[in-house]
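What the coordinates show
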Amino acid sequence: MARDGDFDWAIPVMRTGYAGRALVYVVVAGISLWSILHGGEGEGTSSALGQLERSTWGIPVLLAVFLGMACYAVWRLVDAAWDLECYGSDGEGIIARIGMCVTGIIHLAIGIGALLIVFTASGGGGESSISKAVGVILGWPGGRWILLLAGVVTFAAGGYYGKKAYARDYRKHLMGNHFTRNWDTVLRVGVAAQGFVVAVIGFLIGYAAWTYSPDSAGGLGSVFSWLSDQPYGQALILALCAGLLCFAIFCAVNAVYRIVPRASDPDIQTLAARIKARAEAG
């Protein structure tokens with residue numbers, strides 16, 4: 001794919017966005033691990049960000065989260081609109097690009113939540129924003145079926161992450177070098193962990209719709225709560241936190257080494273191509 005210089009500006013926006021995403025998962029997984037090891041529970045995204053407001057570096061970190069999430073939202077919307085990563089306009093490509101828009105909006109909401117914590121001194125916690133949205137939609141005509149569809153789509157998105165981890169499809173978007181090759185296992189674990197979280201959120205949305213129980217739905221905090229009810233729940237939560245730290249590394253690696261076909265140097269070799277070449281040579 002030829003390089004299009006008109007989108008040079010998208011590269012720093014994309015890198016800032018992925019760096020912000022990495023910061024969010026470091027905060028959430030780190031605070032959750034600290035809480036669990038001190039007898040507490042895993043923290044959801046809004047609750048973890050809310051705790052930052054009381055720390056010394058909390059305000060700068062929250063502002064950095066807002067900047068990163070805003071950039072990530074812009075990147076995803078621009079990427080989807082101009083197909084900067086060449087997903088195409090067939091059925092699969094359109095679904096992928098719609099997913100980018102949804103992901104961008106979700107992360108923008110996280111950024112706005114971080115900004116509200118800064119200016120309203122709101123400590124987070126309380127009812128999940130997903131639960132609130134589910135409660136509102138259940139009151140609509142046909143709301144139950146809308147939520148069931150949303151649950152299925154979200155669950156499928158988790159499956160997509162799982163497929164990406166299994167097939168290592170993310171390699172096609174990363175620069176091939178010594179670092180990305182040696183950290184490939186960590187990247188794979190991180191993508192799989194994110195897929196698990198998204199799939200469980202989708203399942204909980206569907207369950208909430210089926211049972212008319214908005215409180216059953218939620219984000220990462222609800223995933224932790226669901227895991228705690230399973231056999232060996234605490235160990236599963238610790239494993240998930242470790243996986244999310246791996247996903248934070250995945251996001252950080254994307255911030256530095258992600259390739260954008262319509263804007264990056266076309267001579268850059270991808271990780272997938274480099275590994276394939278080494279396998280053929282060996």
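Residues numbered from 1 in each chain as written. Predicted model: local features only at pLDDT ≥ 70, side-chain atom pairs only at ≥ 80, totals over all residues. Heavy atoms only, no water.

A short note on the overall build of the protein
- Summing up its helical and strand segments, the protein has 11 helices and zero strands in all.
- Moving toward the C terminus, one meets the helices and strands of the protein in the order α-α-α-α-α-α-α-α-α-α-α.
- Its C-alpha atoms give the protein a radius of gyration of 19 Å, within 12% of the compact-globule value 19 Å for 282 residues.
- In the protein, which comprises 282 residues, the proportion classed as buried is 43%.
- Taking contacts inside the protein between residues at least 6 apart in sequence as the whole, the part at least 24 apart equals 74%. (Helix = DSSP H or I, 4+ residues; strand = E, 2+ residues; numbered from the N terminus. Rg over C-alpha atoms; globule rule 2.2 N^0.38 Å. Buried < 20%, exposed > 50% of the residue type's maximum accessible area, 1.4 Å probe, protein only. Contact = heavy atoms within 4.5 Å.)

Some thoughts on unusual backbone geometry
- Its identity is not glycine, yet Cys-86 carries a phi of approximately 60 degrees, on the positive side.
- Within the secondary structure layout, Cys-86 lies in the loop between α3 (58–82) and α4 (91–120).
- Of note in the backbone geometry, Tyr-232 takes a positive phi value of approximately 60 degrees without being a glycine.
- Relative to the helices and strands, Tyr-232 is located in the loop between α9 (220–228) and α10 (233–257).

Side note on the packing of helix α2 (residues 45–52) against α4
- Packing of α2 against α4 brings their axes to within 10 Å, and their N-to-C directions diverge by 30 degrees. Crossing geometry of α2 relative to α4 is assigned as right-handed. Along the contact surface, α2 presents Thr-45, Ser-46, Leu-49 and Gly-50, while α4 presents Ile-110, Ala-114 and Ile-117.
- Of the residues belonging to the contact of α2 with α4, the class tally is four nonpolar, three polar and no charged. (Axes fitted to C-alpha atoms, helices over the stretch in contact; angles between N-to-C directions. Left-handed = near helix turned anticlockwise from the far one by under 90°. Nonpolar A, V, L, I, M, F, W, Y, C, P; charged D, E, K, R; others polar.)

Looking at the packing of aromatic side chains
- According to the stated counting rule, one finds 10 aromatic pairs in the structure shown.
- A network of ring pairs unites the aromatic residues Tyr-25, Tyr-170, Phe-247 and Phe-250 as a single cluster.
- Lying across the ring of Trp-210, Arg-144 places its NZ or CZ 4.8 Å from the centre. (Phe/Tyr/Trp six-rings, centres within 6.5 Å; stacked < 30°, edge-to-face > 60°. Lys NZ or Arg CZ within 6 Å of the ring centre and 35° of its normal.)

A few points about the pattern of salt bridges
- Enumeration over the complete set of coordinates arrives at seven salt bridges.
- The closest approach of N and O atoms between Arg-76 and Asp-79, which form a salt bridge, is 3.0 Å. Separated by three residues within a single helix, Arg-76 and Asp-79 lie in helix α3, roughly one turn from each other.
- Asp-169 is the salt-bridge partner of Lys-163, the closest N and O atoms lying 3.0 Å from each other.
- When salt bridges that share partners are traced, they join Arg-76, Asp-79, Glu-85 and Arg-258 into one network. (Salt bridge = Lys/Arg side-chain N within 4 Å of Asp/Glu carboxyl O.)

A word on the side chain of Arg-258
- Mapped onto the elements of the fold, Arg-258 is located in the loop between α10 and α11 (271–281).
- We classify Arg-258 as buried; its relative accessible area is 6%.
- A polar side-chain atom of Arg-258 sits 2.8 Å from a polar atom in the side chain of Glu-85. (Polar contact = N/O pair within 3.5 Å; in protein donor to acceptor, adjacent residues only side chain to side chain.)

Observations concerning the packing of helix α1 (residues 10–37) against α2
- With their axes 9 Å apart at the nearest point, α1 and α2 run at an angle of 90 degrees to one another. Considered as vectors, α1 and α2 are oriented roughly perpendicular to each other. Counted together, Val-24, Val-27, Val-28 and Ile-31 of α1 and Thr-45, Ala-48, Leu-49, Gln-51 and Leu-52 of α2 form the full contact between these two elements.
- Along the lines of polarity and charge, the residues of the contact of α1 with α2 split into seven nonpolar, two polar and no charged. (Parallel < 35°, antiparallel > 145°, perpendicular 65-115°, else oblique.)

Structural notes on the environment of Ala-96
- Along the chain, Ala-96 falls in helix α4.
- The class for Ala-96 is partly exposed, based on a relative accessible area of 24%.

Some words on the nonpolar core
- Leu-49, Trp-75, Val-223, Leu-240 and Leu-244 are the most contacted members of the largest nonpolar core, which totals 67 residues.
- In this view, Trp-75 contacts Ala-10, Val-13, Met-14, Tyr-18, Leu-84, Glu-85, Arg-258 and Val-260; residues no more than four positions away in its chain are not counted. (Core = buried A, V, L, I, M, F, W, Y, C linked by side-chain atoms within 4.5 Å.)

Considerations on a nonpolar patch on the surface
- A surface patch of nonpolar side chains, amounting to about 340 Å² of accessible area, comprises Ile-94, Ile-98, Val-102 and Ile-106.
- In this structure, Ile-98 sits in helix α4. (Patch = residues over 30% accessible without salt bridge, like charges linked within 9 Å, V, L, I, M, F, W, Y side chains within 5 Å. Areas by Shrake-Rupley, 256 points an atom, 1.4 Å probe, with all protein chains shown as cover.)

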